[in-house]
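The primary structure of each chain is shown beneath.
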Amino acid sequence: MTTAALTNFVLAGTDEIFQQINVERLRQVLKFGDQSIAGSVSDLTRLRILVEEVGEVAEALDVEHANTKRELCAELVQVAACAVGWLQALQKATT
Ligand SMILES: [Mg+2]
C-alpha cells in the first residue's frame with residue numbers, strides 16, 4: 001500500500017468523528033467550564049474523569065444494558081473529548 005493510500009485509509013471518516021469530538025468539547029466547556037486551562041484541574045482529577053467516561057463505554061457494552069451502537073459511539077466521543085481537553089491543558093502548560 002502506498003503512503004497516500006495508507007493515509008486515505010487511516011483518515012477515512014475522521015472529519016466527521018473529529019467534528020463530533022469538537023462539539024462534545026464545546027458541550028463540556030459550557031457545562032463544566034474551560035478545564036483545558038493549565039492548572040485548573042489536577043492530572044489526577046482529569047484521570048478520574050477519563051476513567052469514569054471509559055467506565056461508561058463499558059456500561060454501553062453491557063449485554064444487560066439496553067445499549068445501542070449510537071450510545072457506544074457517544075460514549076467513545078466523550079472519552080476522546082476528555083483526552084483532548086487534557087492534551088490542551090498540557091499543551092498550554094508547556095507553551
Ligand atoms: Mg460518558
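Residues numbered from 1 in each chain as written. Predicted model: local features only at pLDDT ≥ 70, side-chain atom pairs only at ≥ 80, totals over all residues.

1. Focus: the packing of helix 3 (residues 43-61) against helix 4 (residues 69-94)
Convention followed: Axis definition: a line fitted to C-alpha atoms, over the contacting stretch in the case of helices. Angles run 0 to 180 degrees between N-to-C directions. Here a helix means four or more residues in a row that DSSP labels H or I, a strand means two or more in a row labelled E, and each is numbered from the N terminus. Working definition: roughly parallel below 35 degrees, roughly antiparallel above 145 degrees, roughly perpendicular at 65 to 115 degrees, and oblique for all remaining angles. Crossings are classed by handedness, with left-handed meaning an anticlockwise turn of the near helix from the far one by less than a right angle and right-handed meaning a clockwise turn. Any two residues are considered in contact once their C-beta atoms, placed from the backbone, lie within 7 Å. Under the grouping applied here, Gly and all other residues not named as nonpolar or charged are polar, the nonpolar ones being Ala, Val, Leu, Ile, Met, Phe, Trp, Tyr, Cys and Pro and the charged ones Asp, Glu, Lys and Arg.
At a minimum axis separation of 9 Å, helix 3 and helix 4 run at an interaxial angle of 170°. Relative to helix 4, helix 3 is oriented roughly antiparallel. Judged by the twist between their axes, the crossing of helix 3 over helix 4 is left-handed. Across the interface between the two elements, Arg46, Ile49, Leu50, Glu53, Val54, Glu56, Val57, Ala60 and Leu61 of helix 3 pack against Glu71, Leu72, Glu75, Leu76, Gln78, Val79, Cys82, Ala83 and Trp86 of helix 4. Its residues assigned to classes, the contact of helix 3 with helix 4 shows twelve nonpolar, one polar and five charged.

2. Looking at the nonpolar core
Inclusion rule: Buried Ala, Val, Leu, Ile, Met, Phe, Trp, Tyr and Cys residues form a nonpolar core when they are connected through C-beta atoms within 7 Å. Here a residue counts as buried when 20 or more other C-beta atoms sit within 10 Å of its C-beta, as exposed when there are 12 or fewer, and as partly exposed otherwise, the C-beta atoms being derived from the backbone.
One finds Ile21, Val77, Val79, Ala81 and Cys82 forming the largest nonpolar core, which totals five residues. Top contributing element to this core by residue count: helix 4, with four residues. Look past the residues within four positions of Cys82 in its chain and what remains in contact with it is Ile49, Leu50 and Glu53.

3. Let's talk about the confidence of the model for the chain
So the rule is basically this: As a per-residue measure, pLDDT reflects the predictor's confidence and takes values from 0 up to 100.
With 97% of its residues at a pLDDT of 70 or more, the chain shows a mean pLDDT of 90. When mean pLDDT is taken per element in the chain, helix 2 (residues 14-32) scores highest with 95 and helix 1 (residues 3-11) scores lowest with 90.

4. Focus: the packing of helix 2 against helix 4
Interaxial distance between helix 2 and helix 4 falls to 9 Å at its minimum, and their mutual angle equals 70°. The angle between helix 2 and helix 4 places the two elements in the roughly perpendicular class. When the axes of helix 2 and helix 4 are compared, the crossing they make is right-handed. Where helix 2 approaches helix 4, its residues Gln20, Ile21, Glu24, Arg25 and Gln28 are matched on the opposing element by Val77, Gln78, Ala80, Ala81, Val84 and Gly85. Each residue belonging to the contact of helix 2 with helix 4 can be placed in one class, and the counts come to five nonpolar, four polar and two charged.

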